[in-house]
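Topology and contacts: notes
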Amino acid sequence: MDKFIIKGPCKIKGDVLISGSKNAALPILASTLLFDKPVEIKNLPQVKDISTMISLLKSLNLKVIENKKNKSLKIIKSKRVKTVAPYSLVKTMRASILVLGPLLSKYKKATTSMPGGCLIGARPVGLHLNTLKKLGMKYNIRNGYINAHVKNNLIGADIKISKISVGTTENAILASCLAKGKTVLRNCAIEPEIKDLTNFLNKAGANIKWTGKRTVKIIGVESLKSISYSVMGDRIETGTMAIAAALTNGNLKIKGFNPKLINTELEILKKIGAKIINGKNEFTIYGPKQVKNIKNLNTKEYPGFPTDLQAQFMTLLCKANGRSIITENIFENRFMHVSELQRLGAKIFIKNNKAIIEGNSHLEGAELMSSDLRASVALVLAAMSAKGKSIIQRVYHLDRGYEKLEKKLKKIGVNIKRLT
Ligand code: EPZ
């Protein structure tokens, strides 16, 4: 298993180009099951989760022609599409559940393994199933598989999703595209990645309109047309790179992402003392000499402070000149990074879903263990700002969602190397 060796402290300086968004690409790739004609997807990040989704689509008999050089692929429906998503693939990536909606909508049946839980929480799929049921899905769960089918077609319905959920919103939108009649989905998640998905589908001839802050109306269509589409930049990679600059009193130009989509995060970075100059599809951030603390930070659904940046901000607040409190409201177990940060000398205490960060930590290099994708990158941030050498084990967690991370970091001043 690969590990990272990082020697700190460093000062981030230069430019970085943000890769395509993993969390926009996954539902867009799943949606290619709705098409009869070839679809080209561009700006795909070369990360493990994307190759897992590609393997899943291939296992369903879609033909995938990859062009790694220009990070794009073409998906062609050739032979008869299979409708069984195997456990071997689904267990490695929860987002595999996103094939359920399109398979039902297009092929009227689907069998997908129940996605396993993961380190950050139980990650149930009850919301997905209840919502799809309201569109006409019938299902049972046996031997760890969801066996779903629909009599003739999914039928449009007016549905209030009981809890804001990214994956449920995406699955319901995918299921409604080819359903009969009108679907209205209320209480939707509205992450930019979901808007990227609906932009993609509308470009292919779907009929999807956002009629309210969290309400979307979908009129079912007969079929979708052949298109080529470039996936948006990665919002969480952008936030992570901005925090790296803030943490190391650095200055960094971040290209390939519209700063307006991360206004909440950038406002918080200004509160800790960073200076930010916005461009059209880029921005420059200057880190403060002294990081200021933040009394209370609460993770919320978009456009609130994202849970996927909680660990990275915690690392930043270890350097603040006073106490900060982070409350994790989305997942039940997303403090796996805390014990590892403590090994570097961070003073953090957990009380239920609150983490109290004392600040003024002088971090010293140590051996560290990655756990989930975002906790792992928080350790990379801590190691680059700590004094001395750190070794981070199991970087395969990072390879799931960060493209060429060590290459990008080396280029902007981090002393990092991968040991295979
Ligand atoms: C998406 O996961 C993201 N993954 C996650 O990013 C992100 O942390 C999460 O949204 C929240 O923003 C992808 O987009 C591939 P949810 P998802 O359904 O869709 C509960 C990363 O690092 N829930 O919005 O699984 C759930 O347990 C990943 O890239 C139910 O109870 O998240 C959680 O507490 C990590 N029942 C809350 O809702 C359900 O049926 C939000 O989950 C579904 C979800």
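Structure report, in brief.

Rules of the game
- Residues numbered from 1 in each chain as written.
- Predicted model: local features only at pLDDT ≥ 70, side-chain atom pairs only at ≥ 80, totals over all residues.
- Heavy atoms only, no water.
- Near = heavy atom within 4 Å.
- Polar contact = N/O pair within 3.5 Å; in protein donor to acceptor, adjacent residues only side chain to side chain.
- Areas by Shrake-Rupley, 256 points an atom, 1.4 Å probe, with all protein chains shown as cover.
- Helix = DSSP H or I, 4+ residues; strand = E, 2+ residues; numbered from the N terminus.
- Nonpolar A, V, L, I, M, F, W, Y, C, P; charged D, E, K, R; others polar.
- Salt bridge = Lys/Arg side-chain N within 4 Å of Asp/Glu carboxyl O.
- Buried < 20%, exposed > 50% of the residue type's maximum accessible area, 1.4 Å probe, protein only.
- Expected span 1.5 Å × (residues − 1).
- Contact = heavy atoms within 4.5 Å.
- Pairing = 2+ DSSP bridges.
- Axes fitted to C-alpha atoms, helices over the stretch in contact; angles between N-to-C directions.
- Core = buried A, V, L, I, M, F, W, Y, C linked by side-chain atoms within 4.5 Å.
- Parallel < 35°, antiparallel > 145°, perpendicular 65-115°, else oblique.
- Left-handed = near helix turned anticlockwise from the far one by under 90°.

Overview of the site of the ligand
Of all residues adjacent to the ligand, which total 22 residues, the nearest are R94, S165, G167, D308 and I330. Between the ligand and G126, the relevant distance is 3.2 Å, taken from an oxygen atom to a main-chain nitrogen or oxygen of the residue. Contact between the ligand and K163: an oxygen atom at 2.9 Å from a side-chain N or O atom of the residue. For the ligand, whose unbound accessible area comes to 810 Å², protein coverage reaches 87%. Counting only elements with at least two residues in the shell around the ligand, the list comes to α1 (22–31), α5 (126–133), α6 (166–176) and α12 (373–385). Across the shell around the ligand, the residue classes break down as nine nonpolar, six polar and seven charged.

Quick word on the pattern of salt bridges
Once their charged atoms are close, side chains differing in charge can pair, the charge on each being opposite to the other. Applying the stated criterion across every chain, the model contains 21 salt bridges. Measuring nitrogen to oxygen at the nearest pair gives 3.4 Å for the salt bridge that ties D49 to K22. Taken together, the positions of D49 in helix α2 (residues 48–59) and K22 in helix α1 put the pair 27 residues apart, joining distant regions of the chain. In this structure, D49 and K22 share a single accessibility class: buried. Its salt-bridge partner being E66, residue K58 comes within 3.6 Å of it at the nearest N-O pair. For E66, a relative accessible area of 35% puts it in the partly exposed group. Sharing partners across several salt bridges, the network here consists of D2, D399, E406 and R418.

Quick notes on α2
Helical geometry: 3.6 residues make up each α-helical turn, so side chains three or four residues apart lie on a common side. End to end, α2 covers 16 Å across twelve residues, agreeing with the expected 16 Å (1.5 Å per residue, within 8%). Along α2, the positions that sit buried rather than exposed are D49, I50, T52, M53, I54, L56 and L57. In this structure, the buried side of α2 is in contact with α1, β4 (62–67), β5 (72–77), β6 (84–85) and α3 (87–90). Looking one or two places after α2, you find N61, whose phi comes out positive at around 80°.

As for the pairing of β4
Both β4 and β5 contribute to a ladder of six bridges, which runs antiparallel. If you follow N67 over to β5, its bridge partner there is S72. Once β4 ends, the chain turns through four residues before running back antiparallel as β5, passing K71 with a positive phi of about 50°.

Here we look at the sheet that holds β6
Strand order in the open sheet made by the four strands is β6-β7-β9-β8, with mixed pairing throughout. Both outer strands of the open sheet, β6 and β8 (138–142), are each paired with one neighbouring strand and no more. Of the pairings in the sheet, the one linking β8 to strand β9 (residues 145–149) comprises five bridges and is antiparallel in character. Considered in β9, the bridge of R142 is made with Y145. Strand contacts of helix α4 (residues 100–107): β7 (109–113) and β9, with the helix running at about 160° to β7, the strand carrying the most contacts.

Considering the nonpolar core
Judged by nonpolar contacts, the single largest core of 141 residues is most densely connected at L201, L269, I285 and M384. Discounting chain neighbours no more than four positions away, the residues touching I285 are A242, A245, A246, G250, N251, L252, I254, L269, A274, K275 and I276.

Describing the packing of helix α8 (residues 235–247) against α12
At a minimum axis distance of 10 Å, the contact between α8 and α12 shows a crossing angle of 20°. When the axis of α8 is compared with that of α12, the two are roughly parallel. Considering the relative orientation of α8 and α12, their crossing is right-handed. For the pair α8 and α12, contact is made by I236, T240, I243, A244 and L247 and by R374, V377, L381, M384 and S385, respectively. Residues that form the contact of α8 with α12 fall into these classes: seven nonpolar, two polar and one charged.

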